[in-house]
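Now for the letters of each chain:
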Amino acid sequence: MRVALVVHAFPPSGTHGVENHTEAFARSLVAKGCSVEVLAPRTLEGFARGSQRREERDGYGVTWLQVEPASTERERVDALRGFLERERPEVVHFQHLLGFGPDALRVPGELGMACVHTAHDFHPAHETWTLMRPDLVPFACGDDEAQARTLRAQGLLDKLPALGDHHGTVLPGQLPEAAAVTLAAILAGEREEGLDEARARVRLRSQRFRDAFAQADLRLATSQALARDLTAALGRAVEVQPSGVDLERFADLAPPRDPAGGAPVRIGFLGGMLKHKGVHVLLEAFGALRAPAELHLHGSSHDRAYTRWVRARAREVGAVVHGGYRHAELPRLLESLDVVCVPSLWVENAPYVIREAQAAGRVLVVSDTVPLRESFDDEEGGLFAAAGEAAAWTRALMRIATEEGLFERLRSRARRPLDLGQEAEAHLELYGRVLEARASRRPRPMVPASVEPLRARVEELQGLPTRELFDRVLTGLGRLARCMGAEEEPTALLGKAVGAGSPMRDLALDHGREIRWLRETLRAVETERDEQARRADWLADQAAESERRAAWVEQRSAQGSEAEGLERDWLRETLQDLEQERDWLKAQHEEAESTRAWLRESLEGVTREAQWLRERDASREAELETLRRERDWLRGEEEVVRGEAAWLREDAEALRREGAWLRGRVEAAEGEVDRLRVERAEVERAFEVLREERDWLQGLVATRQDELRWLREQLTGEAAPEGADPAQDGAAIQAATEALRGELEAIRRHAAWLHAEVAELAVASRGELAGASASAGPDAVAGQLQVLRAALARARAELGWRRSEMAAARESADRLLTRLAVPGLAERLSAWAEVPAAPGGGGSAPRSPEASQGQDQEQEDTPQ
Amino acid sequence: MSARVSVVIPTLDDYELLEAHLPLLLEEVEARGADDEVTLVDDTGADLLAAWVAERFPGRVRVMVRSENGGFARALLTGARVGTADYLLALNPDVRVRRGFLQPLVDALEAPEVFAVSPRVLLGGDPRRVETHQRMAVAEGRLRSVPLAPDPDDLAPRPIPFPLGGAMLLRRDAFVAAGGFDSLFEPFYFEDTDLGLSAWRQGLRILEVPASVVEHHHRGTIGPRVPEELVRAAIERNRLLLHWKHLDSRPAALEHLRSLHRDAFDAAMGDRREELVWLALALESLEPASASRRSVTPVVRTLAESLEASDPSR
């Protein structure tokens, strides 16, 4: 949940109860998971009026609104609107309207945010929110007449510079006698002068607050009494939500000293050193105290006259004035006290110091007023003493210092205040309730279902603080740049320069706002100045015309006769009227001149401020120019570096490519070397095989030459001459073989002829026999048979001859065969018809063409 | 035989617009005599139109009822899917056709390189305000449309950057196969611009056909139902998404990024929160935009070439 806390002042520039509590409350809301932004006005030198500065605290942000005494409520409300539009909280919780005015309560509702107001005092009901008359007499809430007289009386105090920063009250005897009489008369209603205006002012304020508080979603008060009175005053329900304290801060303090132990009781006051706080009453009471005791006064104020008086009186009664303190020091200060006094004269609501003293286990003595009665029950943690009655206070302190067992009894029955964390939880419930009620009242725009996702996204984004929205955009732009491959480009650098965490962004934003405010103010002042100048001119013309007419009338009057008496009287009256008119016009003219002078001063002021801003601009511009030059130089450097980097990248890339290429080449060469090595080994092996084959073939050739020679001898029957060419052996063998082949062929032909002859003879014999038996008688057949027998005898003789011839041929062939039938000749002859196998069995191994080529090459190159 | 047309009108409960514009359309379609079909897609999600249409235009209009409101793009796809004709004529209910508007469109779509055609669309019926006659250009890093004043006497079809989604004719099968408009631009605006630019980048063409005239009573459907700030947010978001989808050169991307940073910073300086909201809204859709960017394939023309080619004043 996003919560904005709006308060009239904030630590360290404001350190009273409400301011300190708002700071602690912001922390506790953050601890509960809220996102908290605080808006608080302050006045610091060197800042333009209306400017806003944001700073980070413990998990929450504080936006300081620069105000000046002349800052109007309207300006502050406009600033509040700008703050809320930027921060987009869901809940705006006003802790005090001082300085902002009631119209501030309208702004959250106009922006669709929940509005919560917590009243810590009677400010919503009365301008004098202490309900304290100048004579330190309280008036009741809702007593508008008392309020009007108080305002009128405070006007009187304002005219007495000796009172200084009187805070609207004076001590008895502090006023000169005449003034004291006047004051009493005003407060008694005996001086009507100016009272009606005061009454009108009270009525007007009351109405404005009632109207404005009607706009708040939730009105809270920190005590029942205050809630009751404000409900009556505002005409709207005001609920009670007590404030808490950070109990942890006071958890480990040493316990107070019981006066029964004999040590002097340490009495303390912590708070603003103001008259309505009743410090002077406490001093009087302490002065009259007859018991071992110390009085320590902690606090400061702008009421220097009163502070001086307090210091002087403290010295007289033996009290110690320590001065102001920081809120962080409070636990230590409380630890140094036994009794804490709250001697307020005003109707104080629920002072934080009471709860803090309770948290620290200190005994309380408190003014007996209605709201304070809610803090504890009498005799239960402390005592009540009548407000403003020093004697009553002396009695109460005396009892504590001396009454046996009282201190311990009071201490042991002390009430434990509400813890800050519990208060934060209670507020979160209240915020949730308010938001729920608002949501139920606000109709969500009906859109088609397809548009609903878009509507939801837009609504969520619209709800983000501008700062977060801007951060989100810059983050998104970074992602977009990366998507577009432009991560390190100037755009990304610009994003970093103005993005989250950059002081330049806040400065630039504030600067822009200041310039806008100045321009608007300047324009308004110039418009007003021109208008006033025109009005002054017109008035001057009117005055001149009146003067002229008066002179004319006077002239006519001087020239008039008695007969013109009546006319003279009329002229005189006219003259008087004109003189009156002239005087009025003069007064108007002077007023206009005065206004013009004021405007001129204002304009000069604005001009000075503008000049100052211009100078500051110039200074910033100069710084910016330096930065720009530096940036340009850096960009130049960056470009150079980029160029070099690009060149180096290209170079590196080229080298890488070349390296890769070389590596490839090396790998290829290594592969080639390996391959060649393998090939070489193969070639060597093949060469070895060839060498073996060569040797084997040479052996074989020699063997065959021997065999050829032997074969020639066998075939030819004659020895070859010594040293004859082996080719002659081949030719001789070939000739012998041809002769044998011819002989064999002749034998084969002769045998075939013989077979054919025999077959023909048989066929002819059978045919003749068959023909004789069929055509002739037995004699013919016998004759034929005789013929056949003779033929057969011839054939047999022929056959015998042929047989003998065949036997001779066979014998010749057998002889030849006998010569040739040497052992192993047939194998060798058959082996000649085959490719000789390489020795070692590698002769038939397949070879690559290159290997074969290489081998052939080597064979060619190698001398045989 | 002229090609048949499926007319699809996605609509909400726009009774008055339909009452005023539908009869003219039906007359035109029936006069063409090409067996065209007219389909109303009831996108109310509440089945509000069927009975009403049956009573007023019995048998002449088919009504498709969507079970939930899905927006113009989805409703058009619903209608296109059930169509049976070759061509799809998408019409908004706030478009009022003029006599003889359909046939010139059909004729102009015959060329295969023409992806889609639009009639001359007169804003509010004003002949001086031609919605379709515009060019798109990148100026100061931003993609913008530049309205042009057409020559009223020139009735030849002219290239335009995109067909107007509320009055365009294109091939139905291709549209359905592509899944209709890019869902990146839902719920509305710039989906038709994207369709056109994608087509140009893929080497196709979009034409305005001046001989075909319709009137567009702009935002007659969205305006009354969606708050102006949401309409503006959708327009500004989708304008950026469109540019991101089609940015295709590093120098253009850098210029665009610079303009975005500058505008974001200016907006933050000037408390112009709505501009930051639009930008943040667009950046939330960066991932889908990147996915859409990858879907524009094959790219034949660069963005610059597409913008130049689609300039009707060229």
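Residues numbered from 1 in each chain as written. Chains lettered and ligands numbered in written order. Predicted model: local features only at pLDDT ≥ 70, side-chain atom pairs only at ≥ 80, totals over all residues. Heavy atoms only, no water.

(A) Representation of the overall build of chain B within the structure. Per the secondary structure count, chain B includes 11 helices and 11 strands. Within the span of chain B, comprising 314 residues, buried residues form 59% of the whole. Total accessible area on chain B stands at roughly 12500 Å², and carbon and sulfur atoms take up 50% of it. (Helix = DSSP H or I, 4+ residues; strand = E, 2+ residues; numbered from the N terminus. Buried < 20%, exposed > 50% of the residue type's maximum accessible area, 1.4 Å probe, protein only. Areas by Shrake-Rupley, 256 points an atom, 1.4 Å probe, with all protein chains shown as cover.)

(B) Looking closely at the interface of chain A and chain B. The interface of chain A with chain B comprises 45 residues on the first partner and 42 residues on the second. Summing both partners gives a buried area of about 3700 Å² for chain A against chain B, and 73% of it is carried by carbon and sulfur. Summed over the shared surface of chain A and chain B, the number is three salt bridges. Arg479 of chain A is the salt-bridge partner of Glu287 of chain B, the closest N and O atoms lying 3.5 Å from each other. Between the two partners, chain A and chain B, sit 11 residue pairs in polar contact (both at pLDDT 80 or more). The set of elements that each furnish at least two residues to the side of chain A that touches chain B consists of helix H2 (73-87), helix H15 (452-462), helix H16 (466-483), helix H17 (490-498) and helix H18 (503-559) of chain A. (Contact = heavy atoms within 4.5 Å. Buried area = accessible area lost by both parts, 1.4 Å probe. Salt bridge = Lys/Arg side-chain N within 4 Å of Asp/Glu carboxyl O. Polar contact = N/O pair within 3.5 Å; in protein donor to acceptor, adjacent residues only side chain to side chain.)

(C) Focus on unusual backbone geometry. Along the chain, Glu186 of chain B connects to Pro187 of chain B via a cis peptide bond; the corresponding omega equals 10 degrees. The peptide bond linking Thr297 of chain B to Pro298 of chain B adopts the cis configuration, its omega dihedral lying at -10 degrees. Its place among the elements puts Pro298 of chain B in the loop between helix H10 (286-295) and helix H11 (303-309). If you check the backbone angles, Glu379 of chain A has positive phi at about 70 degrees while not being a glycine. By the element assignment, Glu379 of chain A lies in the loop between strand S13 (363-367) and strand S14 (382-385). A positive phi angle is found at Asp271 of chain B, which is not glycine, with a value near 55 degrees.

(D) Representation of the confidence of the model for chain A in the model. In the predicted model, chain A carries a mean pLDDT of 82, and 84% of its residues have values of at least 70. Note that residues 833-864 of chain A has pLDDT below 50 and, in this model, 25 contacts with residues that lie over four places away or in other chains. (pLDDT = per-residue confidence, 0-100.)

(E) Layout of helix H11 (residues 352-359) of chain A. Residues and elements named next belong to chain A. The element H11 is extensively covered by neighbouring structure, given that eight of its eight residues are classed as buried. Among all positions in H11, only Tyr352, Val353, Ile354, Arg355, Glu356, Ala357, Gln358 and Ala359 are buried. Against helix H1 (17-31), strand S9 (265-270), helix H10 (330-335), strand S12 (339-342) and S13 lie the buried residues of H11. Looking one or two places after H11, you find Gly361, whose phi comes out positive at around 75 degrees.

(F) Region of interest: the packing of helix H7 (residues 228-246) of chain B against H10 of chain B. Residues and elements named next belong to chain B. At a minimum axis distance of 8 Å, the contact between H7 and H10 shows a crossing angle of 45 degrees. Comparing the axis directions of H7 and H10 gives the class oblique. For the pair H7 and H10, the sense of crossing is right-handed. Between H7 and H10, the contacting residues are Leu241, Trp244 and Lys245 on the first element and Leu286, Ala289, Ser292, Arg293 and Ser295 on the second. Here the residues of the contact of H7 with H10 sort into four nonpolar, two polar and two charged. (Axes fitted to C-alpha atoms, helices over the stretch in contact; angles between N-to-C directions. Parallel < 35°, antiparallel > 145°, perpendicular 65-115°, else oblique. Left-handed = near helix turned anticlockwise from the far one by under 90°. Nonpolar A, V, L, I, M, F, W, Y, C, P; charged D, E, K, R; others polar.)

(G) Just the pairing of S13 of chain A, in detail. All names here are of chain A. Of all five residues in S13, five are buried; the element is thus mostly enclosed. Alignment of S12 against S13, held across four bridges, turns out to be parallel. Within the sheet, the bridge partner assigned to Val342 lies in S13 and is Val366. Remark: the S12/H11/S13 crossover connection has right-handed handedness. As judged from the four bridges shared by S13 and S14, these two strands associate in the parallel manner. Looking at the pairing, Val366 lines up with Phe384 of S14. (Pairing = 2+ DSSP bridges. Right-handed = clockwise from strand over helix to strand, strands pointing away.)

(H) Region of interest: the nonpolar core. One finds Leu25 and Trp244 of chain B to be the most contacted residues of the largest nonpolar core, which totals 93 residues. Per-element accounting of this core gives the leading share, nine residues, to H7 of chain B. Taken domain by domain, the makeup of this core includes at least three residues from each of domain 1 (5-216) and domain 2 (228-296) of chain B. Contacts of Trp244 of chain B, omitting those with residues within four sequence positions, involve Leu480 and Met484 of chain A together with His256, Leu260, Ala282, Leu283, Leu286 and Arg293 of chain B. Of all hydrophobic cores here, the second largest spans 40 residues; its members include Val279, Val321, Trp346 and Leu406 of chain A. (Core = buried A, V, L, I, M, F, W, Y, C linked by side-chain atoms within 4.5 Å. Domains from an automatic or database assignment.)

(I) Geometry of the environment of Ser51 of chain A. Residues and elements named next belong to chain A. Within the secondary structure layout, Ser51 lies in the loop between strand S2 (35-42) and strand S3 (52-56). Separated by 458 residues in the primary sequence, Ser51 and Leu509 have C-alpha atoms spaced 9.9 Å apart. Beyond its immediate sequence surroundings of up to four residues, Ser51 is in contact with Trp64, Leu65, Gln66 and Glu514.

(J) Region of interest: the sheet that holds strand S6 (residues 114-119) of chain A. Strands sit in the order S3-S4-S2-S1-S5-S6-S7-S8 (chain A) across an open sheet of eight strands; the sheet is mixed. Where the open sheet ends on each side, the last strands, each with one partner, are S3 and strand S8 (239-240) of chain A.

(K) Examining the pairing of S12 of chain A more closely. Residues and elements named next belong to chain A. By the alternation rule, side chains of S12 split into Val339 and Cys341 and Val340 and Val342, which are all buried. As defined by bridge partners, S9 adjoins S12 across three bridges and the pair is classed as parallel. Its bridge partner being in S12, Phe269 is matched across the sheet by Cys341.

(L) Structural context of the packing of H16 of chain A against helix H9 (residues 273-284) of chain B. Across the interface, H16 of chain A lies against H9 of chain B with an axial gap of 9 Å and an inter-helix angle of 40 degrees. One element, H16 of chain A, and the other, H9 of chain B, form an angle in the oblique class. Here H16 of chain A runs over H9 of chain B; the crossing is left-handed. The residues of H9 of chain B that touch H16 of chain A, namely those facing Thr466, Leu469, Phe470, Arg472, Val473, Gly476, Leu477, Arg479 and Leu480 of chain A, are Arg273, Leu276, Val277, Leu279, Ala280, Leu283 and Glu284 of chain B. Class assignment of the residues belonging to the contact of H16 of chain A with H9 of chain B gives a composition of 10 nonpolar, two polar and four charged.

(M) The arrangement of the sheet that holds strand S10 (residues 293-298) of chain A in detail. Residue and element names in this part refer to chain A. Overall, parallel pairing links the six strands, which are arranged S11-S10-S9-S12-S13-S14 in an open sheet. In the strand order of this sheet, the two ends are held by strand S11 (320-323) and S14, each with one partner. Here the strands of the sheet are splayed against their neighbours by 20 degrees on average, with no regard to which way each runs. Together, S9, S12, S13 and S14 form the strand contacts of helix H12 (residues 390-402), whose direction differs from that of S13 by roughly 170 degrees.

(N) Geometry of the pattern of salt bridges. Residues and elements named next belong to chain A. For the structure on display, the rule yields 76 salt bridges over all chains. Between Arg57 and Glu23 there is a salt bridge, with its nearest N and O atoms 3.4 Å apart. Of the two residues, Arg57 sits in the loop between S3 and strand S4 (61-66) while Glu23 sits in helix H1, which places them 34 residues apart along the sequence. Given the relative accessible area of 17%, Glu23 is considered buried. Where Glu145 meets Arg149, a salt bridge forms, and the shortest distance between an N and an O atom there is 2.8 Å. Of this pair, Glu145 and Arg149 both sit in helix H4 (residues 144-158), four residues apart, which is roughly one turn of the helix. Overall, the relative accessible area of 26% leaves Glu145 in the partly exposed class. Residue class for Arg149 comes out partly exposed when judged on its relative accessible area of 22%. Each of Glu37, Arg54, Glu56, Glu87 and Arg467 takes part in a single network of salt bridges with overlapping partners.

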